[in-house]
Every structure is written in C-alpha cells, then in structure tokens.
Amino acid sequence: MLHLLLIATLFYLGYRALRAAFGHPPTWVRNAPEMGLEPDSRGLSGYIGSYAVAVVRQEEFEITISWVDPGFTVKPAGVGTLILRGFDFTTGDSYLDSRVVLGGDARAAFALLDRKLRADLARLVPEYWIQIKGTRLEARVKSLDAVADALKQLTALADRLPHIHDSDIPKRLKERATGDDPVALRFQALRALREFYLHAPESAAAARILLDSPYSDLRIAATTILLRRTGEVQQEGIETILQTLLNTDIPESTRRQVLDLLIDESDRTAAAPVLKAWLATPIPEPELRRAAIRACARRVVLEPLLDLVVEGADEHLLLIESLSEIGDRAAQPRLLEELRHSSDRVRAAAASALIPLGDTSALAPLGEALAACGDPAARRRVAEAIESIQRRLGVAQAGEMSIVPLDSLEGSLSRADGPEGGEVSLDDGAPSAGST
C-alpha cells in the first residue's frame, strides 16, 4: 500500500511539472489585449524591441522587462531596506527623493538623470511600483486593461536608461553641476566630480564656472576642487579664498568656512601667502580674528602674528599660545611686548613661552615683569622662566639676573652684585640689604 501511495505522489508531481512546462496558458490570457506577446504556461512572454518581456498574474499583474541596465538601482520609497544602506543615495531633487530610492553607482545616476527623466521616474515608479535591479525592471499593474499602456510607458522608460560608458560620465556630471536645478542636486553632482574625476578637465571647468555662483555652498565646493589640483588651477583656488576672506560683505560664517577649507585642503606653501595678505588688514570680527590666529599656528605661519593687533586678554593669550606652538625664536620681540601687558595672566603666559625661545636680552624684561606681577602664581611662573632661561644659556655673570633657589619663591625682588654673581631672589621674609 505504501508503495502505491509513493508511486501516485510521484506521478502527480510529474504531471504538474509537465503541465507547467507545456500546459495551457491561464484563462486571463484569453482576454489580454494585443501586445505582441505570446501566451505560455504562466501568462504572456516575448520581445518588445530589444527587451525580453514577461507578464504573469499573482495578486496583481506583474511585468518583468529584462536587459535594462542603467548602472544603478531604483525602487519606490518605502520598499524594504537594503542590507547595505550605504549604497542608497539622494540626488538633492526633493520631488524625486521623496518618491524614489536610488542605489548603487551615484555617478551613473547623476549622468543620466536630467530634469525630464527625474520627473518621469518620480511619476512612474510609485504608479507602477517599479524596481530596477541588476538588468531587470519589475513593475505591477492592478488591472489587465492597464497592462498594454503600462508596457508602452515602461519600455519607453527603459530606452532612456542606457548604461553610460565611464568616459562619458564626467561630461554629464559637469552638465548637472553647472546647468541643472535644484541647487542641492548641482552640489551632489559637483561632489561626484570631485570624488571620482578630480583630475578630469571637466572637473576644473565646472569649478571655474561655479566660482561665480550666488550660492556659497557651490562656490566652496568648487574651490575645494581647485585646491586639490596642482599648478595654475590650484592657484586659482588660493586666489579665490583670499578674495573671499578680504571681502567683508560676505557673511562671517561663509568666510570661516573658506578659512577652514584653506587649512584642511592645502599645505603651508599655499596657506602662508593667504594668511599674510589677510592678516595684514584689520579683521573686525573677533571670532574670525581668533580663527585666523589659530590658522597661523596650524600652518606654522609666524610673520602675520608679529604685528597683529589683538583685543582683550583672551586674544593676547591665544596669540602667545600660537607663537609658542610655532616655536620660532623670531617671536621673541612680540613675546617681550606681551610681558608689558597689564594682565598677570598674559605676563605669565608670555614668560612661559619665552623659556625655549628667549635669549639673554629677555632676562631684563622678565625681571621687570616679575616686579610688576601682583599675583603669586604669575610671579612664580615668571621667576621659573628666568631661572630656566639662565640655566639653558649658562648665565652666571656679575650684573646678570639669576634665580637663587630658596625655600619660598614668593616675596620681594632683590638684586646684588656680589662675588657670587647678580642674583634675583624672592623671599617672604624681612627685606635684606640692597633689596628693592
């Protein structure tokens, strides 16, 4: 009995397989409009132009058009989530991005998606629930009567999604970046040029055009491209940055972005002349002035800081910190000037900065600063600076200043020209002979 049941099961499965392969088409095919397709066991199939087309019925009529290869994927917004979300991207066209999710090669998408094609995708993808992946375009239609019209629109759409050769993409990206809208899309296309075709002629050409754009984001992105090039092209970017920094009519936030761009995208050779020319003029915006000081430190540009006019103790401290970070002994005259500041904090910071940079000519101004300091902690730092410089230079001559280590460094300033050499001592005790 068991053998008979097994034989019957195998016979039934074989029958179903043969019927699927050679059986009659579904009954709905009889009512299908003429579309140039042939009935088969699942529905309709055949060729429309160069595309292999199949129509089957599940809950809805499902259309598959094969050999469509735009180089990127398409699906309606809200369909699934790619495991690798990083492959999805937006175009900057909000009308399209709210209706269609694109994935894969953004370069190919921006090269193809002109305004009309973006508008058609935004309309057709949600209407027919289109998905394009690999070389297949899949769509859904609710009624049999709508299949023929859908096929016309879908094959026409497929015709407009050819795979573009890599050599043609830079030209298309330039067109998107310089002549398309909205601005966000132009920015995305320009970014693709920068990331993938930086040294292509189209990259520099697009950047030059966008330097005159009224949109600061586009101008900054264009300047980035120029800075990352070499020779005359890079020089154009450097000149653009300088003119932007000098133009006080441009918002402070934009000028700050441009300064950051200079520091992030160029080396000292490119940054130095810009910083020198810019800081040679007054910078009225405090935050921008402080950013300029920090920029000099990052790119080791000393000269503009030596005569820079700063305001308030905090800016003086930032200036001293930057001079110390640069570490050039040519900064000594400016540091000696800072020793005369009215703030004990500034005096102490300048003294500390002089420890590795100062020579014997710094000792007398340091002694004056020590006498002027009222804050004990500041006095200690100035005294330690004097001692450190003397130790580094081996100063122990009569008439020179030196620090005599005592139990306490806090107290009065004294000078004595005795056989042990000139000494400056700090003592909390009673004044001794010769103290001042």
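Before going into details, it helps to say that this report is about the structure given with it.

Criteria and cut-off values
- Residues numbered from 1 in each chain as written.
- Predicted model: local features only at pLDDT ≥ 70, side-chain atom pairs only at ≥ 80, totals over all residues.
- Heavy atoms only, no water.
- Salt bridge = Lys/Arg side-chain N within 4 Å of Asp/Glu carboxyl O.
- Helix = DSSP H or I, 4+ residues; strand = E, 2+ residues; numbered from the N terminus.
- Buried < 20%, exposed > 50% of the residue type's maximum accessible area, 1.4 Å probe, protein only.
- Arc of directions from axis to C-beta.
- Contact = heavy atoms within 4.5 Å.
- Pairing = 2+ DSSP bridges.
- Core = buried A, V, L, I, M, F, W, Y, C linked by side-chain atoms within 4.5 Å.
- Phe/Tyr/Trp six-rings, centres within 6.5 Å; stacked < 30°, edge-to-face > 60°.
- Lys NZ or Arg CZ within 6 Å of the ring centre and 35° of its normal.

1. Digging into the pattern of salt bridges
Here is step 1: As enumerated under the stated definition, the model contains 24 salt bridges in all.
Here is step 2: The salt bridge partner of Glu-285 is Arg-255, with a shortest N-O separation of 2.6 Å. On the criterion of sequence distance, the pair formed by Glu-285 in the loop between α12 (268-279) and α13 (286-298) and Arg-255 in helix α11 (residues 252-265) is long-range, its members being 30 residues apart.
Here is step 3: Notably, a salt bridge pairs Lys-276 with Glu-303, separated by 3.5 Å at the nearest N-O pair. Note that Lys-276 is positioned in helix α12 and Glu-303 in helix α14 (residues 303-306), a separation of 27 residues in sequence.
Here is step 4: In the salt-bridge network here, residues are joined through shared partners; they are Asp-93, Arg-115, Arg-118, Arg-176, Asp-180 and Asp-181.

2. Thoughts on helix α8 (residues 201-210)
Here is step 1: Here α8 has its buried residues at Ser-203, Ala-204, Ala-206, Ala-207 and Leu-210. Across the axial projection of α8, the buried residues extend over an arc of 160 degrees, all falling on one side.
Here is step 2: Among the structural elements, α6 (169-179), α7 (183-196), α9 (216-228) and α10 (231-246) are those in contact with the buried residues of α8.

3. Thoughts on the pairing of strand β3 (residues 51-57)
Here is step 1: Burial of β3 is extensive: five of the seven residues sit out of reach of the surface.
Here is step 2: The pairing of strand β2 (residues 43-48) with β3 spans six bridges and is classified as antiparallel. Within the sheet, the bridge partner assigned to Ser-45 lies in β3 and is Ala-54.
Here is step 3: Between the end of β2 and the start of β3, which pair antiparallel, lie two residues, with Gly-49 showing a positive phi angle near 65 degrees.
Here is step 4: One ladder, built from six bridges, connects β3 with strand β4 (residues 61-66); its direction is antiparallel. Following the sheet pairing, Ala-52 is matched in β4 by Ser-66.

4. Some words on the nonpolar core
One recurring pattern in soluble globular proteins is that nonpolar side chains are buried together.
Here is step 1: Counting residues in each nonpolar core, the largest one holds 68 residues, and the members touching the most others are Ile-63, Phe-72, Ile-130, Val-147, Leu-154 and Leu-190.
Here is step 2: Looking at this core, the element that brings in the most residues is helix α5 (residues 147-159), giving seven residues.

5. Description of the packing of aromatic side chains
Here is step 1: Counted according to the given criterion, the structure contains three aromatic pairs.
Here is step 2: With a centroid separation of 5.1 Å and an interplanar angle of 75 degrees, the aromatic rings of Trp-28 and Phe-61 are classed as edge-to-face. Within this pair, whereas Trp-28 is found in the loop between α1 (2-22) and β1 (38-39), its partner Phe-61 is found in strand β4, the two being separated by 33 residues in sequence. We note that Trp-28, like Phe-61, is buried.
Here is step 3: A cation over an aromatic ring shows up here: Arg-107 above the ring of Phe-196, its NZ or CZ 4.7 Å from the ring centre.

6. Focus on the pairing of β2
Here is step 1: Relative to β2, β1 runs antiparallel, the two sharing two bridges. Of the residues in β2, the one forming a bridge with Pro-39 is Leu-44.
Here is step 2: In this antiparallel pair of consecutive strands, β1 and β2, the connection spans three residues.

7. Remarks on unusual backbone geometry
Here is step 1: Cis geometry marks the peptide bond from Asp-181 to Pro-182, where omega comes out at 5 degrees.
Here is step 2: Structurally, Pro-182 is set in the loop between α6 and α7.
Here is step 3: The backbone of Trp-67 sits at a positive phi, close to 75 degrees, despite the residue not being glycine.
Here is step 4: Mapped onto the elements of the fold, Trp-67 is located in the loop between β4 and β5 (72-76).
Here is step 5: Notably, Trp-129 is not glycine yet its phi reads approximately 55 degrees, a positive angle.

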